[in-house]
Amino acid sequence: MRGCWLRRRNNLQHPLVPGKANIFVDGVFTSALYFPGLSPNETFDCPLGNDPSIQIIYHPRKEKIYDPKSDLYTKSTTATYAQCIMIYNSKPVPIDELTVIGQIPVFEDPQVSIILKSPELTIVYLERLKQHLQ
């Protein structure tokens, strides 16, 4: 899911009705969508398309493998991966809120475990991520 999104809250005292909507950014048509309707104080995420003034560069992933525990009965290998993500804003104004969503591998093998070391996933961060994905 790459692109620019707008999150709006219905601050009116009455609901907004559902229907078709066309999205324009700086007077240029970017997309069409079906607006689901909003109750008062409800939020809505609206896709605005790609923003060419914001560049996201994923640098190559670095890997470090070491074997901390190894004996006759157990063998484990630990691999640490690090990736730098650079974000460039060529807009004349700063971006107030920017969310970058990345993927973390998931394994069904119970002998494989994934630990995210950085950034630390706090409860607040997980709640904001959950709201963003809804």
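Use the structure listed above.
Residues numbered from 1 in each chain as written. Predicted model: local features only at pLDDT ≥ 70, side-chain atom pairs only at ≥ 80, totals over all residues. Heavy atoms only, no water.

Q: For this particular structure, what's the right way to read the environment of K20?
A: Along the chain, the position of K20 falls in strand β2 (residues 19-25). Linking K20 and A32, residues 12 residues apart in sequence, is a C-alpha distance of 7.4 Å. Look past the residues within four positions of K20 in its chain and what remains in contact with it is L33 and Y34. (Helix = DSSP H or I, 4+ residues; strand = E, 2+ residues; numbered from the N terminus. Contact = heavy atoms within 4.5 Å.)

Q: Hey, could you run me through a nonpolar patch on the surface in this one?
A: Residues I104, F107, V112, I114 and L116 make up a contiguous nonpolar surface patch of about 410 Å² in total accessible area. With respect to the helices, strands and loops of the structure, F107 is situated in the loop between β8 (85-89) and α1 (123-133). (Patch = residues over 30% accessible without salt bridge, like charges linked within 9 Å, V, L, I, M, F, W, Y side chains within 5 Å. Areas by Shrake-Rupley, 256 points an atom, 1.4 Å probe, with all protein chains shown as cover. Salt bridge = Lys/Arg side-chain N within 4 Å of Asp/Glu carboxyl O.)

Q: Looking at this structure, how should I read the nonpolar core?
A: Most often, soluble globular proteins have nonpolar side chains that are buried together. Listed in full, the seven residues of the largest apolar core are I23, L33, F35, L38, F44, C46 and L48. It is strand β4 (residues 43-49) that provides the largest number of residues to this core, a total of three residues. The residues contacting L38, other than those within four sequence positions of it, are N10, P15, L16, T43 and F44. (Core = buried A, V, L, I, M, F, W, Y, C linked by side-chain atoms within 4.5 Å. Buried < 20%, exposed > 50% of the residue type's maximum accessible area, 1.4 Å probe, protein only.)

Q: Which parts of the structure should I look at to understand unusual backbone geometry?
A: With a phi close to 70°, N41 is a non-glycine residue in the positive phi region. Mapped onto the elements, N41 comes out in the loop between β3 (28-35) and β4. Take N41: its relative accessible area is 53%, and that puts it in the exposed class.

Q: Sorry if this is basic, but what is going on with the side chain of N10 here?
A: With respect to the helices, strands and loops of the structure, N10 is situated in the loop between β1 (4-9) and β2. Of the residues examined, N10 reaches a relative accessible area of 3% and is grouped as buried. From its side chain, N10 meets the backbone oxygen of H14 in a polar contact 3.2 Å long. If we ignore the near neighbours within four places in the chain, the residues touching N10 are P15, L16, L38, S39, P40, N41 and E42. (Polar contact = N/O pair within 3.5 Å; in protein donor to acceptor, adjacent residues only side chain to side chain.)

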